[in-house]
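Each chain, letter by letter, is given below.
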Amino acid sequence: QDPFIAFHLDKTLVRKYMSPLLIGELAPDQPSFEPSKNKKLVEDFRELRATVEKMGLLNPNRAFFILYLCHILVLDVAAWLTIWYFGASTVPFLFSAVLLGTVQAQAGWLQHDFGHLSVFSKSRWNHWVHKFVIGHLKGAPASWWNHLHFQHHAKPNCFRKDPDVNMHPLFFALGKTLSVELGVQKKKFMPYNHQHKYFFIIGPPALVPLYFQWYIFYFVVQRKQWVDLAWMLTFYIRFFLTYLPLLGVKGILGLHLLVRFIESNWFVWITQMNHIPMHIDYDKNEDWFSTQLQATCNVHQSLFNDWFSGHLNFQIEHHLFPTMPRHNYWKVAPLVKSLCAKHGIEYQCKPLLTAFADIVHSLKDSGELWLDAYLHK
């Protein structure tokens, strides 16, 4: 029930699609609550959810999102004007790349808002604008994002259910339990005891330009998502038409690669700081609140942190209320902290640089656990 309520705006419409999936109903004498879940915590969270709705915290301030989109468009135009006015020498070229990298990162956070249906009251309006932001401003498919991201939210950090931890075990050994298990099985796809070092090579700088860049095209063609492909092509057509006269073929390819490199570093550090250092294991079928709190942590609030992370510094609140507009996370945070304190659940919140460092520390720790199990167990 809690995931269903968390993900959907129009519950009545979704129930119509779900009705053919109904297998049956429990007999009155059968237990209706799973023993792996904390009943009192579930009841308290549902009360919190009702309070959030009464406070209007799920209602968006559309002016916030309009201004956010405008600041992205201004940076996009400024990047082109920089090269147009100052020429294609090294300094304006690099400055323009930084501006365009910022555009890509910030458009990434904005498409995330529309993808989670947190801007408009109608799901289809969110979906339409989502296609524009992720397709035309970023050159990526909305269907690909939806396919992966909602699996992540349903079971965060649950191996074989959250696609975001599929890097285990091919590239990294993640989480204490999984790393030890890998070592006991004598499996070694990579030298995991050095993963905190090679993370800096195959992680932040490489994910977007070396993987996402080609995989998204494979995804849309394989699944015949032609509308998404058309939106993606508008991004590349606009980019090449505006920069080709200024930079030539080699210059534009270099600019595009550099922009993707900047975007990739930004994206990986921000998205992984809330999850990799947290509990990663097989699905234990725990209640919604416990599942999300074990897999997420927060980063301290500041104007810069809010902007730099697209408010994903409030990852806990975002995971508990995925359709909540991000400008309201700070309002619900004290209520979530209070519920955590009541039930003895840790609510982690740390400085930004500490959160970055914890990615590396957690990789080092799990790599050492793997090595010890590999050699001695």
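Going by the annotation in an unreviewed UniProt entry, the name recorded for the chain is Fatty acid desaturase 1, with Balearica regulorum gibbericeps given as the source organism.

Draft legend 1. Layout of the environment of S19. Locating S19 in the fold gives a position in the loop between α2 (11-18) and α3 (39-54). Along the sequence, S19 and Y243 sit 224 residues apart, while their C-alpha atoms lie 51 Å from each other. Looking at S19, its side chain comes within polar contact range of the main-chain oxygen of K16, at 2.8 Å.

Draft legend 2. Representation of the packing of helix α11 (residues 226-272) against helix α16 (residues 352-376) in the model. In contact at an axis separation of 9 Å, α11 and α16 are set at 90° when each is read in the N-to-C sense. By the angle between their directions, the pair α11 and α16 is classed as roughly perpendicular. Each of W269, I270 and Q272 in α11 lies in contact with α16, whose residues at this interface are L352, F356, I359 and V360. For the contact of α11 with α16, the per-class residue count stands at 6 nonpolar, 1 polar and no charged.

Draft legend 3. Structural view of the UniProt feature "transmembrane region" (unreviewed entry) in the chain. Within the UniProt annotation, "transmembrane region" (unreviewed entry) is assigned to residues 64-87, 198-220 and 240-259. In residues 64-87, the share of helix is 96% and the share of strand is 0%. The end C-alpha atoms are 34 Å apart. Secondary structure content for residues 240-259 is 100% helix and 0% strand, and the end C-alpha separation is 14 Å.

Draft legend 4. Inspection of a nonpolar patch on the surface at higher detail. There is a patch of nonpolar side chains on the surface, built from L170, F171, F189, F200, I201 and I202 and spanning about 590 Å² of accessible area. Looking at the element boundaries, F189 is found in the loop between α8 (176-184) and α9 (195-202). Owing to a relative accessible area of 45%, F189 belongs among the partly exposed residues under this scheme.

Draft legend 5. Structural view of the side chain of D228. The topology assignment puts D228 in helix α11. Owing to a relative accessible area of 2%, D228 belongs among the buried residues under this scheme. In this structure the side chain of D228 is engaged in a polar contact, spanning 3.1 Å, whose partner is the side chain of K131. Discounting chain neighbours no more than four positions away, the residues touching D228 are K131, P141, A142, S143 and V220.

Draft legend 6. View of the UniProt feature "domain: Fatty acid desaturase" (unreviewed entry) in the chain. Residues annotated in UniProt with the feature "domain: Fatty acid desaturase" (unreviewed entry) correspond here to residues 92-349. The straight-line gap between the two end C-alpha atoms of residues 92-349 is 38 Å; of that span, 65% is helix and 1% is strand.

Draft legend 7. Seen up close, the state of the cysteines. All told, the structure shown has 0 disulfides when counted by the stated rule. Take C297: it sits in no disulfide, and the sulfur closest to it among the cysteines is that of C349, at 8.3 Å. Overall, C297 belongs to the buried group, its relative accessible area being 0%. Classification of C349 by relative accessible area gives partly exposed; the value is 36%.

Draft legend 8. Broad picture of unusual backbone geometry. In this model, H168 is joined to P169 through a cis peptide bond whose omega is 0°. Within the secondary structure layout, P169 lies in the loop between α7 (142-154) and α8. With a phi angle near 60°, K186 is a residue other than glycine that sits in the positive phi range. Note that K186 resides in the loop between α8 and α9. K186 sits in the partly exposed class, given a relative accessible area of 40%.

Draft legend 9. Quick look at the pattern of salt bridges. Evaluation of the coordinates by the stated rule reveals 15 salt bridges. Linking E368 and K364 is a salt bridge whose minimum nitrogen-to-oxygen distance equals 2.7 Å. On the criterion of helical spacing, the pair formed by E368 and K364 is a turn pair, its members being 4 residues apart in helix α16. The exposure class assigned to E368 is partly exposed, which follows from its relative accessible area of 40%.

Draft legend 10. The arrangement of helix α5 (residues 90-115) in detail. Compared with the 38 Å implied by 1.5 Å per residue over 26 residues, the 37 Å span of α5 between its first and last C-alpha is a close match. Within α5, 21 of the 26 residues are buried, which leaves it mostly tucked inside the rest of the structure. Count one or two residues on from α5 and you reach L117, which has phi positive near 60°.

Draft legend 11. Seen up close, the packing of helix α6 (residues 123-136) against α7. In the contact formed by α6 and α7, the axes pass within 9 Å of each other and the chain directions differ by 105°. When the axis of α6 is compared with that of α7, the two are roughly perpendicular. On the side of α6, the interface is formed by H130, K131 and I134, while α7 contributes A142, W145 and N146. Here the contact of α6 with α7 is built from residues that sort into 3 nonpolar, 2 polar and 1 charged.

Draft legend 12. Molecular detail of the packing of aromatic side chains. As enumerated under the stated definition, the model contains 39 aromatic pairs in all. Between F199 and F200, the aromatic rings sit 5.9 Å apart at their centres with planes inclined by 75°, giving edge-to-face as the arrangement. Owing to a relative accessible area of 3%, F199 belongs among the buried residues under this scheme. The structure contains a cluster of three or more aromatic residues connected by ring pairs, namely W144, Y211, F212, W214, Y215, Y218, F219 and F267. If you follow R326 out to its NZ or CZ, it ends over the ring of Y68, 4.2 Å from the centre.

Draft legend 13. The arrangement of the side chain of N274 in detail. Residue placement: N274 occurs in the loop between α11 and α12 (288-295). When its relative accessible area of 0% is taken as the criterion, N274 is described as buried. Engagement of the side chain of N274 in a polar contact is seen with the backbone oxygen of C297, the distance being 2.9 Å. Leaving out residues up to four positions away in the same chain, N274 has contacts with A295, T296, C297, N298, V299, L312 and Q315.

Calculation criteria
- Residue positions are counted from 1 within each chain, in the order its sequence is given.
- Side-chain atom pairs in this predicted model are given and counted only at pLDDT of 80 or more, local residue features only at pLDDT of at least 70, and totals for whole chains, interfaces and linings cover all residues.
- For side-chain calculations, the full set of non-hydrogen atoms in the structure is used, while hydrogens and water are omitted.
- The way it works is that DSSP assigns letters per residue, a run of H or I at least four long becomes a helix, a run of E at least two long becomes a strand, and they are numbered from the N terminus.
- Pairs of N or O atoms within 3.5 Å make up the polar contacts considered here, provided that, within protein, one atom can donate a hydrogen while the other can accept it, and that residues adjacent in sequence are counted only when both atoms are side-chain atoms.
- Structural elements are reduced to axes, namely lines fitted to C-alpha atoms, with helices fitted over the stretch in contact, and the angle between N-to-C directions of any two is expressed from 0 to 180 degrees.
- By the definition adopted for this analysis, an angle is roughly parallel if under 35 degrees, roughly antiparallel if over 145, roughly perpendicular if from 65 to 115, and oblique otherwise.
- By definition, residues are in contact when any of their heavy atoms lie within 4.5 Å.
- The classification used treats Ala, Val, Leu, Ile, Met, Phe, Trp, Tyr, Cys and Pro as nonpolar, Asp, Glu, Lys and Arg as charged, and all other residues, Gly among them, as polar.
- UniProt positions are given in the numbering used here, feature names are shortened, and annotations may be inferred rather than shown by experiment.
- Residues enter patches when they are more than 30% accessible in relative terms and free of salt bridges; like-charged ones are connected within 9 Å and nonpolar ones (Val, Leu, Ile, Met, Phe, Trp, Tyr) within 5 Å.
- For accessible areas, the Shrake-Rupley method is used with a probe of radius 1.4 Å. Any residue's cover is judged against the shown protein chains and nothing else.
- Definition used for salt bridges: Asp or Glu carboxyl oxygen within 4 Å of a side-chain nitrogen of Lys or Arg.
- Remark: exposure states derive from per-residue accessible area (1.4 Å probe, protein chains only) relative to the maximum for the residue type, with buried under 20%, exposed over 50%, and partly exposed in between.
- In this description, the term disulfide denotes a pair of cysteine sulfurs within 2.5 Å.
- Take the residue count of a helix, subtract one, and multiply by 1.5 Å to get its expected span.
- Note on aromatic pairs: the rings of Phe, Tyr and Trp (six-membered ring only in Trp) are paired at centre separations within 6.5 Å, and the planes decide the class, stacked below 30 degrees, edge-to-face beyond 60, tilted for the rest.
- Working rule: Lys NZ or Arg CZ, within 6 Å of ring centre, within 35 degrees of ring normal, means a charge sits over the ring.

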